[in-house]
Amino acid sequence: MSPDLLPLIAAFERVAHHASFTRAASELGVSPSALSQNLRTLEKRLGVRLLDRSTRHVGVTEIGQRFLLSARDGLATLATAVGSLDELRDQPSGLLRLTLSRTAADLVVLPHLTPFLEAYPAIVLELDCDNTLVDLVANGFDAGIRLGENLAQDVVATPLGGAQRLATIAAPRYLKGRAGPRVPQDLLRHRCLNVRLGESLYRWEYARDGHKIDIQVGGALITRDGDTLLSAIRSGAGIGQAFESQVQDDLVAGRLVPVLKPWWPKFPGFYLYHPSRAHIPRKLSAFIDFFRQRLNAEPA
């Protein structure tokens, strides 16, 4: 392979990842037109069409998908080689890519982000917030942060932040003139605001006196974004769920009202996870040690 193809292949991977020339160009620091021309050059050199282009969409062709699968393995190997140079430096450094839910970002990372960046100025932290679980290696992530029950069995996991309680809440405006639910089944008579996790709607979970139930609620709103969900709940659009620590200030101030509180379930909480391997990059070790100490979590 000619060495000058490598940056073109790397650019193709970023376009495929974002499904957008604009977003990929912004990440790579080039113009969308220049990036598009580079991809046409790659297709011409390889003699195949890798991308389907339209005015609103960029997709990967079938042969492009096959090529991308192999190319990502090679790019991941190169990224590991570059990352291993961190071990030769006095200060942990380099790009640390994490995939995590928006809730995990809000509760685990963002409250301690500034102290971490000040402690490790040579680390560049990339946070990819998405409720969808992704393959770490295939998508070039160093680690992820998710709830413990969502983790695969073949990863190394470290607890961050301790147990979390899932609260059901509503704004006083929504409850005014309505009889609030007394048991979870009463939610079926209310307007509920739900979240989509991956391709499925979340089934609301409850527990009391050792008895666990889950309910598929109906409602007028479905979203993948936690901020949108909370804004809708606060506006009085309906009943929703969030972690208690997310809405504690709202509950204290009376902006939100607890619903079904005796039934609120507790979860083990968030975990940082990474592929099982003997060698952990120093940048990732620094992140784990820093946040475990800040969040007073015990080692896995």
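See the structure above.
Novice: Describe the overall build of the protein chain, naming the residues involved and giving the relevant values.
Specialist: Counting secondary structure elements, the protein chain contains 10 helices and 16 strands. With the C-alpha coordinates of the protein chain rotated into their principal frame, the extents come out at 70 × 50 × 30 Å. Taking all 300 residues of the protein chain together, the buried fraction comes to 44%. In the protein chain, the share of contacts with a sequence separation of at least 24, taken over all contacts with a separation of at least 6, comes to 75%. Counting every atom, the protein chain has about 16,000 Å² of accessible surface; 52% of that belongs to carbon and sulfur.

Novice: Kindly report on the nonpolar core, identifying the contributing residues and their values.
Specialist: Counting residues in each nonpolar core, the largest one holds 58 residues, and the members touching the most others are Ile145 and Phe287. Looking at which element gives the most residues to this core, the answer is helix H10 (residues 282-294), with six residues. With residues near it in sequence (within four places) discarded, isoleucine 145 still touches Thr99, Leu100, Ser101, Ala104, Val108, Val109, Leu160, Phe270, Tyr271, Leu272, Tyr273 and Phe287. Counting residues in each nonpolar core, the second largest holds 18 residues, with Leu8, Ile9, Val15 and Ala25 among its members.

Novice: Before we move on, can you summarise unusual backbone geometry with the specific residues and values?
Specialist: A positive phi is found at alanine 19, a non-glycine position, where the angle reads about 55°. Here alanine 19 lies in the loop between helix H1 (5-18) and helix H2 (21-28). On the basis of relative accessible area, alanine 19 is assigned to the partly exposed category, the value being 37%. The backbone of aspartate 209 shows a phi angle near 55°, a positive value even though the residue is not glycine. Residue position: aspartate 209 is located in the loop between strand E10 (204-208) and strand E11 (211-215).

Novice: Help me get a handle on the packing of H2 against helix H3 (residues 32-46), residues and values and all.
Specialist: At a closest axis distance of 9 Å, the pairing of H2 and H3 adopts a crossing angle of 100°. Comparing the axis directions of H2 and H3 gives the class roughly perpendicular. Of the residues in H3, those in contact with Phe21, Thr22, Ala24, Ala25 and Leu28 of H2 are Pro32, Leu35, Ser36 and Leu39. Tallied by class, the residues present in the contact of H2 with H3 amount to seven nonpolar, two polar and no charged.

Novice: Talk me through the sheet that holds strand E3 (residues 94-100); I want residue IDs and the actual numbers.
Specialist: Sheet architecture is open: five strands sit in the order E4-E3-E5-E16-E6, paired in mixed fashion. Taken across any chain shown, the strands that pair with only one partner, and hence form the sheet edges, are strand E4 (123-129) and strand E6 (155-160). Looking at each pair of strands side by side, their axes are set apart by 25° on average, direction ignored. Relative to strand E5 (residues 143-147), E3 runs parallel, the two being bridged by three bridges. Pairing of threonine 99 across the sheet is with glycine 144, part of E5.

Novice: Describe the environment of arginine 282, naming the residues involved and giving the relevant values.
Specialist: Assignment of secondary structure puts arginine 282 in helix H10. Residue classification places arginine 282 among the partly exposed residues on the basis of a relative accessible area of 25%. Along the sequence, arginine 282 and serine 93 sit 189 residues apart, while their C-alpha atoms lie 7.7 Å from each other.

Novice: An account of helix H9 (residues 244-253) is needed here, citing residue identities and associated values.
Specialist: Residues of H9 that are buried include every one of Glu244, Gln246, Val247, Asp250 and Leu251, and no others. The buried side chains of H9 occupy one side of the element, clustering within an arc of 125° when seen end-on. Seen from the open side of H9, the exposed residues pointing more than 90 degrees away from its buried face are Asp249 and Val252. Just downstream of H9, glycine 254 is the residue with a positive phi angle, here 85°.

Novice: Kindly report on the sheet that holds strand E8 (residues 192-197), identifying the contributing residues and their values.
Specialist: Here three strands make up an open sheet; going across it, the order is E9-E8-E12 and the pairing mixed. Each edge of the open sheet carries a strand with a single partner, namely strand E9 (200-201) and strand E12 (219-223). Of the pairings in the sheet, the one linking E8 to E9 comprises two bridges and is antiparallel in character. The partner of leucine 197 across the bridge, within E9, is serine 200. Against the sheet, helix H8 (residues 226-235) contacts E8 and E12, and its axis sits at roughly 175° relative to E8.

Reading guide: rules and limits
Throughout this description, residue numbers start from 1 for each chain and increase along the sequence as written. Side-chain atom pairs in this predicted model are given and counted only at pLDDT of 80 or more, local residue features only at pLDDT of at least 70, and totals for whole chains, interfaces and linings cover all residues. Side-chain figures throughout are based on the complete set of non-hydrogen atoms in the structure, without hydrogens or water. By the criteria applied, helices consist of DSSP H or I runs no shorter than four residues and strands consist of E runs no shorter than two, each listed in order from the N terminus. Between buried and exposed lies partly exposed: a residue is buried under 20% and exposed over 50% of the maximum accessible area for its type, with that area taken using a 1.4 Å probe on protein chains only. Throughout, a contact is declared for two residues whenever any of their heavy atoms are within 4.5 Å. Here the Shrake-Rupley method, with its probe set to 1.4 Å, supplies the accessible areas, and only the displayed protein chains count as covering residues. What is meant by a nonpolar core is a set of buried Ala, Val, Leu, Ile, Met, Phe, Trp, Tyr and Cys residues, joined one to another through side-chain atoms within 4.5 Å. The axes are straight lines fitted to the C-alpha atoms, using for helices just the contacting stretch, and the angles between their N-to-C directions are given from 0 to 180°. Comment on the angle field: the value is read as roughly parallel under 35 degrees, roughly antiparallel over 145, roughly perpendicular from 65 to 115, and oblique elsewhere. We call Asp, Glu, Lys and Arg charged. Ala, Val, Leu, Ile, Met, Phe, Trp, Tyr, Cys and Pro are nonpolar, and the rest, Gly among them, are polar. At least two DSSP bridges between two strands are required for those strands to pair. The directions considered for the arc are those from the helix axis to the C-beta atoms.

So yeah, pure geometry; function would need other evidence.
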